[in-house]
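Coordinate inspection notes
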Amino acid sequence: MSDTSSPLLVAVDKAVGADTSEYAAFVRLLGRGEAGGLDELLDAVDDSDYSLVDWIEAFLAFDEWLEGKGEERRPLSEMRGYIHCCTFTNSPHLSSPVLKVIVIKALTEFGFDAISEPQH
C-alpha cells in the first residue's frame, strides 16, 4: 500500500504529517504488511475512544515488539483486531491510558496468536 492518495494515508498525513518519522515508519509497516489488512482501520478508530495518532503509535509499538521477537510477518488485519480489542480494556469511568502502553502490556502478558506456530 504505497499509494499516497489512499484515504488511510491521507488521514495519517493529516494526523501526524507526511514529513514525520511516524508517517515514514507507518508507511514502511504498511509495505511490509500482508495485503488488505487495514481496510477497516479508520472505522475502528472512529468506533474507539482513541485518535488515529494513538492507533499509529500502537501499530508502531506492535511492529517493534514483533521485530524484537524476530518475527518477519506483519499480519495487519490481525494486528488491527488485537489493537481494537485492547481499546476495550480500560474502564469507561477512568481516563483512557496510552493505547500503545496497553498494547505492549497485552503482548507481553498474552502474546500474539497470529504469529504462533501451529502446535501438533
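For the structure, see preceding data.
Throughout what follows, the structure given in this document is the object of discussion. Just so you know, these numbers come straight off a predicted model, no measurement behind them.

Helices and strands together make up the secondary structure of the protein, namely six helices and zero strands. Starting at the N terminus and ending at the C terminus, the protein contains elements arranged as α-α-α-α-α-α. Residues counted as buried form 41% of the 120 residues belonging to the protein. Expressed as a percentage of contacts within the protein between residues at least 6 apart in sequence, the contacts between residues at least 24 apart total 65%. Total accessible area on the protein stands at roughly 7,100 Å², and carbon and sulfur atoms take up 51% of it.

We now examine the packing of aromatic side chains. One pass over the structure, following the stated rule, counts five aromatic pairs. Ring plane angle 75° and centroid distance 5.9 Å describe the contact between F26 and F59, whose orientation is recorded as edge-to-face. Within this pair, whereas F26 is found in helix α2 (residues 21-32), its partner F59 is found in helix α4 (residues 52-68), the two being separated by 33 residues in sequence. Across the pair, exposure class does not vary: F26 and F59 are buried alike. Three or more aromatic residues joined by ring pairs make a cluster, and in this case those are F62, W65, Y82 and F112.

Another point: the side chain of T87. Assignment of secondary structure puts T87 in the loop between α5 (76-86) and α6 (99-110). On the basis of relative accessible area, T87 is assigned to the buried category, the value being 9%. Engagement of the side chain of T87 in a polar contact is seen with the backbone oxygen of H84, the distance being 2.5 Å. Among all residues touching T87, those that are not within four sequence positions of it are S48, Y50, W55 and L99.

Before going further, it helps to examine the nonpolar core. Of all hydrophobic cores here, the largest spans 35 residues; its most connected members are F26, W55, F59, F62 and F112. Those elements giving two or more residues to this core turn out to be α1 (7-16), α2, α3 (41-46), α4, α5 and α6. When residues in this core are grouped by element, the largest group, nine residues, is from α4. Setting aside residues up to four positions removed in sequence, F26 forms contacts with L8, V12, L38, L41, I56, F59 and L60.

The rules behind each value
- Residues numbered from 1 in each chain as written.
- Predicted model: local features only at pLDDT ≥ 70, side-chain atom pairs only at ≥ 80, totals over all residues.
- Heavy atoms only, no water.
- Helix = DSSP H or I, 4+ residues; strand = E, 2+ residues; numbered from the N terminus.
- Buried < 20%, exposed > 50% of the residue type's maximum accessible area, 1.4 Å probe, protein only.
- Contact = heavy atoms within 4.5 Å.
- Areas by Shrake-Rupley, 256 points an atom, 1.4 Å probe, with all protein chains shown as cover.
- Phe/Tyr/Trp six-rings, centres within 6.5 Å; stacked < 30°, edge-to-face > 60°.
- Polar contact = N/O pair within 3.5 Å; in protein donor to acceptor, adjacent residues only side chain to side chain.
- Core = buried A, V, L, I, M, F, W, Y, C linked by side-chain atoms within 4.5 Å.

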